[in-house]
Amino acid sequence: MENKHTQVKADFLSSGIIDTDIHERALYQDLIPYLDNPWRRYITDCGWLQEKHLPYTQPTVAGLNRADATVPDGRPAGSDLDFLRIQLLDELNIRYGILTGAFDPSPSSMNGWYEMAAALASAYNDYLIEHWLEKDDRLYGSVHIAAQDPIAAAREIDRVGSHPKMVQVLLPIDNIVWGDPYFHPIYEAAQRNNLVIAMHHNEPAVYFGRFPRYFIEWHTLISTSHMMQVTSLVFNGVFEKFPNLKLLMIEAGFTYVPHLMRKMDQQYRDLRHEVPWIKRMPSSIIREHVRFTTQPMEEFTRAEFEQWIDLLGSDEMVCFSSDYPHWDFDHPVTAFPSLPTSLRQKIFHDNALSLYPKFPRNKGESLT
């Protein structure tokens, strides 16, 4: 394995890898210095804690995380920058890494308490900038917002979205369907600040009732909630109204996408009278505006991987993600087959570089 790790560095020595999903970890206690009262005292004096998200006993030895990612002094995985540097950034020759958080600081379940949700999101953003983004040139951040109040969310995006190390707005996939025009202020603010919209299942999606009985069922079906969001944004005309907006779907893989595009195109042929604002095939909109992360990868041969890329109709839609430090972390060597040099360069680097306009570029590296 050591030789394979060395080969990763050699293969990407000229560019490095761009990792689009790294879960740094903060605790509510970390946010206290960034909170005003009464929100601070709810944590310090009243013992407020966010309810647990997943109703499962995790079937891995370290819960959701890799066992070896626990910080040597016992702190939770992802909570120490120096250890993350050693285990991920340096080990895999990461050029740029995007932090997506280890928990949703302002969960949508706080429906009746959106003021505190907004305060928590703002505190998290300030904490992220000070303790992570300003301490390593390779790390970039996600703006967290309180989805319950899109106007306040837009103000928060404007407040921190101009920071050069903030590259996207992170939206939770939970019980919200994001194509609703109610959320347009968020997309307008993201486009105004040159930010990507990223979606990640921060709270488990529970659209159709209760959770399935077992974690394996929920984990298998993650892509279905991502399909719902992409379908919602496309058919509700979000990309027609915000033509410069880009979307990254994180942590559901990409093998569901060819089926989704084919199904949406077929439905559009039959039912386009219902969405007259859509002037072109949904698959064309998705190829232009939406990108998908690799993790969690199925097992592929080289021929199978290339076949899936062919089914997408583009080799520019997939970006590498490791999901560090979670148990289903994907290593660039062990999780991937040997790929052609040009495709490997796109998956591990170029597609993400094109997606994020804020990433610094060397001479000769273009935005597209």
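Everything quoted here is computed from the prediction, not taken from an experiment.

1. Structural notes on the overall build of the protein chain
Move 1: Along the backbone of the protein chain there are 14 helices and eight strands.
Move 2: Radius of gyration (C-alpha) of the protein chain: 20 Å, near the 21 Å computed for a compact globule of 368 residues.
Move 3: Referenced to the eigenvectors of the C-alpha coordinate spread, the extents of the protein chain come out at roughly 55 × 55 × 50 Å.
Move 4: When each of the 368 residues of the protein chain is scored for burial, the buried share is 56%.
Move 5: For the protein chain, the share of sequence-separated contacts (at least 6 apart) that also reach a separation of at least 24 residues comes to 81%.
Move 6: For the protein chain, the exposed surface amounts to about 16300 Å²; the carbon and sulfur share of it is 52%.
Move 7: Averaging the coordinates of the 34 positive side-chain charges in the protein chain and doing the same for the 48 negative ones gives two points 4 Å apart.

2. Quick look at the packing of aromatic side chains
Move 1: The final tally for this structure, using the stated rule, is 22 aromatic pairs.
Move 2: Taking the centre distance of 5.2 Å and the plane angle of 40° together, the rings of tyrosine 356 and phenylalanine 359 count as tilted. As far as the burial class goes, tyrosine 356 and phenylalanine 359 line up, both buried.
Move 3: Of the aromatic side chains, those joined through ring pairs into one cluster are Phe254, Phe300, Phe305, Phe320, Phe336 and Phe348.
Move 4: Geometry around phenylalanine 329 places arginine 66 over its ring, the cationic atom sitting 4.5 Å from the centre.
Move 5: Sitting above the plane of the tyrosine 140 ring, lysine 165 keeps its charged end 4.8 Å from the centroid.

3. Things to note about the nonpolar core
Move 1: By size, the foremost hydrophobic cluster in this structure holds 103 residues, and its most contacted members are Val169, Trp178, Ile186, Tyr187, Phe254, Phe292 and Phe305.
Move 2: With nine residues, the single largest contributor to this core is helix H5 (residues 114–131).
Move 3: Among the nonpolar cores identified, the runner-up in size contains 16 residues, and Tyr140, Val196, Leu248 and Leu355 belong to it.

4. Considerations on the environment of threonine 220
Move 1: Turning to its location among the elements, threonine 220 is positioned in helix H8 (residues 215–220).
Move 2: For threonine 220, a relative accessible area of 56% corresponds to the exposed category.
Move 3: Along the primary structure threonine 220 and alanine 190 are separated by 30 residues, whereas in three dimensions their C-alpha atoms are 31 Å apart.

5. Observations regarding unusual backbone geometry
Move 1: The omega torsion of the bond from glutamine 295 to proline 296 falls at 0°, within 30 degrees of zero and hence cis.
Move 2: When you line up the elements, proline 296 lands in the loop between strand S7 (290–293) and helix H13 (302–312).
Move 3: The omega torsion of the bond from tyrosine 324 to proline 325 falls at 0°, within 30 degrees of zero and hence cis.
Move 4: Positionally, proline 325 belongs in the loop between strand S8 (318–319) and helix H14 (341–355).
Move 5: Positive phi outside glycine occurs at asparagine 194, with the angle close to 60°.
Move 6: In this fold, asparagine 194 is placed in the loop between helix H7 (184–192) and strand S5 (196–200).

6. Some remarks on the pattern of salt bridges
A side chain of one charge can pair with a side chain of the opposite charge when the charged atoms of the two come close.
Move 1: This model, assessed by the stated rule, comprises 16 salt bridges.
Move 2: Arginine 138 is paired through a salt bridge with aspartate 136; the nearest N and O atoms lie 3.0 Å apart. Each member of the pair arginine 138 and aspartate 136 is classed as buried.
Move 3: Beyond isolated ion pairs, a larger network of salt bridges with shared partners links Asp82, Arg85, Asp90, Asp136 and Arg138.

7. Some details on the pairing of strand S3 (residues 139–144)
Move 1: Counted residue by residue, S3 has six buried out of six residues, so it is predominantly covered.
Move 2: As judged from the two bridges shared by strand S2 (residues 94–99) and S3, these two strands associate in the parallel manner. Note that in S3 the partner of isoleucine 98 across the bridge is tyrosine 140.
Move 3: Sheet topology note: the S3/strand S4 (residues 166–172) ladder contains four bridges and is parallel. Bridge pairing links serine 142 to glutamine 168 in S4.
Move 4: Between S3 and its parallel partner S4, the chain crosses via helix H6 (residues 150–160), and the hand of that crossover is right-handed.

8. A look at empty space enclosed by the protein
Move 1: Per the counting criterion, the structure on display carries one cavity of 30 Å³ or more.
Move 2: Considering only enclosed or pocket space, the largest cavity measures out at about 40 Å³ in volume.
Move 3: If you trace the largest cavity, you find it lined by Asp104, Ser106, His144, Ile145, Leu170, Pro172 and Asn202.

9. Description of the side chain of glutamate 24
Move 1: Tracing the chain through its elements places glutamate 24 in the loop between strand S1 (17–22) and helix H2 (28–31).
Move 2: It is arginine 25 that comes nearest to the buried, bridge-free glutamate 24 among opposite-charge side chains, at 10 Å.
Move 3: In this structure the side chain of glutamate 24 is engaged in a polar contact, spanning 2.9 Å, whose partner is the backbone nitrogen of glycine 101.
Move 4: Not counting residues within four places of it along the chain, the set of residues in contact with glutamate 24 comprises Gly78, Leu99, Thr100, Gly101, Ala102, Tyr124, Leu128 and Trp132.

10. Notes on the side chain of histidine 289
Move 1: For histidine 289, the location among the structural elements is in helix H12 (residues 282–289).
Move 2: Dropping the residues within four chain positions of it, histidine 289 is found in contact with Phe239, Phe242, Pro243, Leu245, Lys246, Leu247 and Arg280.

11. Some points on the environment of isoleucine 151
Move 1: In this fold, isoleucine 151 is placed in helix H6.
Move 2: Distance from isoleucine 151 to histidine 184, taken between C-alpha atoms, is 9.2 Å for residues 33 residues apart in sequence.

Conventions we followed
Residues numbered from 1 in each chain as written. Predicted model: local features only at pLDDT ≥ 70, side-chain atom pairs only at ≥ 80, totals over all residues. Heavy atoms only, no water. Helix = DSSP H or I, 4+ residues; strand = E, 2+ residues; numbered from the N terminus. Rg over C-alpha atoms; globule rule 2.2 N^0.38 Å. Buried < 20%, exposed > 50% of the residue type's maximum accessible area, 1.4 Å probe, protein only. Contact = heavy atoms within 4.5 Å. Areas by Shrake-Rupley, 256 points an atom, 1.4 Å probe, with all protein chains shown as cover. Lys, Arg positive; Asp, Glu negative; His and termini not counted. Charge placed at Lys NZ, Arg CZ, Asp CG, Glu CD. Phe/Tyr/Trp six-rings, centres within 6.5 Å; stacked < 30°, edge-to-face > 60°. Lys NZ or Arg CZ within 6 Å of the ring centre and 35° of its normal. Core = buried A, V, L, I, M, F, W, Y, C linked by side-chain atoms within 4.5 Å. Salt bridge = Lys/Arg side-chain N within 4 Å of Asp/Glu carboxyl O. Pairing = 2+ DSSP bridges. Right-handed = clockwise from strand over helix to strand, strands pointing away. 1 Å grid on protein atoms, 1.4 Å probe; cavity = no way out; pocket = protein on both sides within 12 Å on 5 of 7 lines; lining within 4 Å. Points joined across faces, edges and corners; volume = space filled by probe spheres on them. Polar contact = N/O pair within 3.5 Å; in protein donor to acceptor, adjacent residues only side chain to side chain.

Any link to function would need more than the numbers given here.
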